[in-house]
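# Topology and contacts: notes
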Amino acid sequence: MKSNTVPYMEDARRFYRVTVHLPVAVRQHDSQVFLTESLDISEGGVLIKNNLGDRVNSGDVVKVHIEGILGEDESKMILHPMRVVRVDDEKIALEFV
């Protein structure tokens, strides 16, 4: 007997994303800092504009400051370690580590 049940399709995204445009500073392992802007953020990571060109690669770990969120204290800059998940010409996907 054939089943008429439609298979359950799970959303590939694990976290709900919120579109938010905030200043972002990305510090690489060599301490170079690049300024860019967030495009969206979730509990798992952040999508930023690619102002870095080919200076980062998937798998790189960078430190990120996102102005105005993540328990930031105005008297000091807090850097969050993040892993580069994906890089294309316009965007860089980062995940919290």
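Our structure's up above, just so we're on the same page.
In this report, the structure presented in the accompanying data block is examined. (Residues numbered from 1 in each chain as written. Predicted model: local features only at pLDDT ≥ 70, side-chain atom pairs only at ≥ 80, totals over all residues. Heavy atoms only, no water.)

If you trace the backbone, Thr36 turns up in strand β3 (residues 33-41). Classification of Thr36 by relative accessible area gives buried; the value is 8%. Polar side-chain contacts of Thr36 include one of 2.7 Å to the backbone oxygen of Lys49. For Thr36, the residues in contact, after removing those within four places along its chain, are Leu22, Pro23, Val24, Val26, Ile48, Lys49 and Asn51. (Helix = DSSP H or I, 4+ residues; strand = E, 2+ residues; numbered from the N terminus. Buried < 20%, exposed > 50% of the residue type's maximum accessible area, 1.4 Å probe, protein only. Polar contact = N/O pair within 3.5 Å; in protein donor to acceptor, adjacent residues only side chain to side chain. Contact = heavy atoms within 4.5 Å.)

Further remarks concern the pairing of strand β5 (residues 61-66). Strand residues, when the strand is regular, have side chains that alternate between the two faces of the sheet. Here 4 bridges tie strand β2 (residues 23-27) to β5, and the two strands are oriented antiparallel to one another. Paired with Arg27 across the strands is Lys63, a residue of β5. Pairing geometry for β5 and strand β6 (residues 80-87), over 4 bridges, is antiparallel. Within the sheet, the bridge partner assigned to Val61 lies in β6 and is Arg83. (Pairing = 2+ DSSP bridges.)

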